[in-house]
Amino acid sequence: MEWIDTHTHLFLPEFDADRDEVIQRALQSGVTYMLLPNIDENSLQALYACATKYAGCCKAMMGLHPCSVNQEVKKQLQIIAKQFDEKKFIAVGEIGLDYYWDLSYRAEQLEAFRTQLQWAGEWHLPVSIHSRSSLDDCIQEIKNIQRGQLKGVFHCFTGTIEQAKQIIDMGFALGIGGVITFQKSTALRETISQIPPEHIVLETDAPYLSPVPFRGKRNESSRIPYIAQTLSSLYGFQQSEIARITTANALRIFPI
């Protein structure tokens, strides 16, 4: 079985002590590609170092995370835009809106999100979307400019069936990670059971959101099969079929 982790931050300091071992465990678990969303201007060096050292399996995205947006958003976006002039990336990400932690820069978050969506449309790149406590607004922003050009993944989807259907109708996929294995996620499992697996990709968001039975510990890409195990139960499919479908979905979205 071959898997793709469509959202993992293996370049973060949490992996500095054992990154080689973490990536080897992922490869041994059948995770052939690990897609790395950027965070902001301060994460560039670490992202590039990881994507270069492990070029065969780690593929970089480029974007400005909404939680990093501040009053210098125009300067931040200039720095991010410059990266696209110098390197190739598989997506614009991680971008979006976050209304959970802090609303101080809500207007700036919207500016950054809209700008980066425009980039994705112009450059024919998929997007990786962060939508914590802001899912409806993220959906609406894409609807406002979607002309069949945009595609990508709503990372860490935890919404309703109605929101899922809107996302799918726009041509986007749902990123499913460790949250679906949590005991409290009954509603999410019910929603996903109603969505054909052709609209789903797998992700870890490592080092965050470890699936059961590792909840509370540092997450890593080798745990993708544990997420797939829950999906296998929901759909009544063998894990090999979940691997085949979700890997094909990821390859269709991202130019790996």
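Computed from a predicted model, the values in this text were never measured in an experiment. Within each chain, residue numbers correspond to sequence positions counted from 1 in written order. Reporting in this predicted model follows two pLDDT cut-offs: at least 70 for local features of residues, and 80 or more for side-chain atom pairs to be given and counted; totals over whole chains, interfaces and linings ignore these cut-offs and use all residues. With hydrogens and water excluded, all non-hydrogen atoms of the structure serve as input to the side-chain values.

Our next topic: the pairing of strand E5 (residues 127–132). Whether a residue is buried, partly exposed or exposed follows from its accessible area with a 1.4 Å probe, protein chains only, as a fraction of its type maximum: under 20%, in between, or over 50%, in that order. Each helix is a run of H or I in the DSSP string that is no shorter than four residues. Each strand is a run of E no shorter than two, and both are numbered from the N terminus. Most of E5 is tucked away: five of the six residues are buried. Note: E5 against strand E6 (residues 152–154), three bridges, orientation parallel. Each bridged residue has a counterpart across the sheet, and for Ser 128 the counterpart in E6 is Val 153. Call a crossover right-handed when, viewed with both strands pointing away from you, the route from the first strand across the helix to the second goes clockwise. Once the chain exits E5 it traverses helix H5 (residues 135–145) before rejoining the sheet at E6, and the crossover so formed is right-handed. The pairing criterion for strands is at least two bridges between them, as found by DSSP.

On to the nonpolar core, then. Here, nonpolar core refers to any group of buried Ala, Val, Leu, Ile, Met, Phe, Trp, Tyr and Cys residues whose side-chain atoms link them within 4.5 Å. By size, the foremost hydrophobic cluster in this structure holds 74 residues, and its most contacted members are Leu 10, Phe 154 and Ile 192. It is helix H4 (residues 106–123) that provides the largest number of residues to this core, a total of six residues. The contacts of Ile 192, once residues within four sequence positions are left out, are Phe 157, Leu 174, Ile 176, Ile 180, Ile 200, Leu 231, Leu 234 and Tyr 235. In what follows, a contact means two residues having at least one pair of non-hydrogen atoms within 4.5 Å.

The strand order across the open sheet formed by three strands is E1-E2-E3, and the pairing between neighbours is parallel. The open sheet has two edge strands, strand E1 (3–5) and strand E3 (58–60), and neither has a second partner. Each strand of the sheet is rotated relative to its neighbour by a mean of 20 degrees, with strand direction disregarded. Looking at chain direction, strand E2 (residues 31–36) and E3 are connected through three bridges and run parallel. Bridged to Met 34 within E3 is Cys 58. Here, axes are lines fitted to C-alpha atoms. For helices the fit covers the stretch in contact, and angles between N-to-C directions go from 0 to 180 degrees.

Turning to the packing of H4 against H5, a few remarks are in order. Between H4 and H5, whose axes approach to 11 Å, the crossing angle comes to 40 degrees. Between H4 and H5, the angle falls in the class oblique. Viewed along their axes, H4 and H5 form a crossing whose handedness is right-handed. Touching Arg 106, Leu 110, Phe 113, Arg 114, Leu 117 and Gln 118 of H4 are Asp 137, Cys 138, Glu 141, Ile 142 and Ile 145, all from H5. Here the residues of the contact of H4 with H5 sort into six nonpolar, one polar and four charged. Small angles under 35 degrees read as roughly parallel and large ones over 145 as roughly antiparallel, with 65 to 115 read as roughly perpendicular and the rest as oblique. Here a crossing is taken to be left-handed if its near helix is turned anticlockwise relative to the far helix by less than a right angle, and right-handed if that turn runs clockwise. Under the convention adopted here, Pro, Cys and the residues Ala, Val, Leu, Ile, Met, Phe, Trp and Tyr are nonpolar, Asp, Glu, Lys and Arg are charged, and Gly plus all remaining residues are polar.

Here we come to the UniProt feature "binding site: a divalent metal cation 1" (unreviewed entry) in the protein. UniProt positions are given in the numbering used here, feature names are shortened, and annotations may be inferred rather than shown by experiment. In the numbering used here, UniProt assigns the feature "binding site: a divalent metal cation 1" (unreviewed entry) to His 7, His 9, Glu 94 and Asp 205. What stands out for the annotated residues spanning 199 residues is how close their C-alpha atoms remain, the widest pair being 11.0 Å apart. Sequence-distant contacts of His 7, defined by excluding residues within four places in its chain, comprise Leu 35, Pro 37, Glu 94, Ser 128, His 155, Glu 203, Thr 204, Asp 205 and Ala 206. Pairing of N or O atoms within 3.5 Å defines a polar contact, subject to two protein rules: one partner must be a possible hydrogen donor and the other a possible acceptor, and residues neighboring in sequence count only if both atoms are side-chain atoms. Side chain to side chain, His 7 and His 9 meet in a polar contact 3.4 Å long. Assignment of secondary structure puts Asp 205 in the loop between strand E8 (200–202) and helix H8 (224–235). With a relative accessible area of 9%, Asp 205 lands in the buried category. Look past the residues within four positions of Asp 205 in its chain and what remains in contact with it is His 7, Thr 8, His 9 and His 155.

Our next topic: the environment of Asn 249. Counting through the fold element by element, Asn 249 comes out in helix H9 (residues 239–253). Take Asn 249: its relative accessible area is 3%, and that puts it in the buried class. The spatial distance from the C-alpha of Asn 249 to the C-alpha of Asn 219 is 23 Å, given a sequence separation of 30 residues. Once you skip the residues sitting within four places of it in the chain, Asn 249 turns out to touch Pro 197, Glu 198, His 199, Ile 200 and Val 201.

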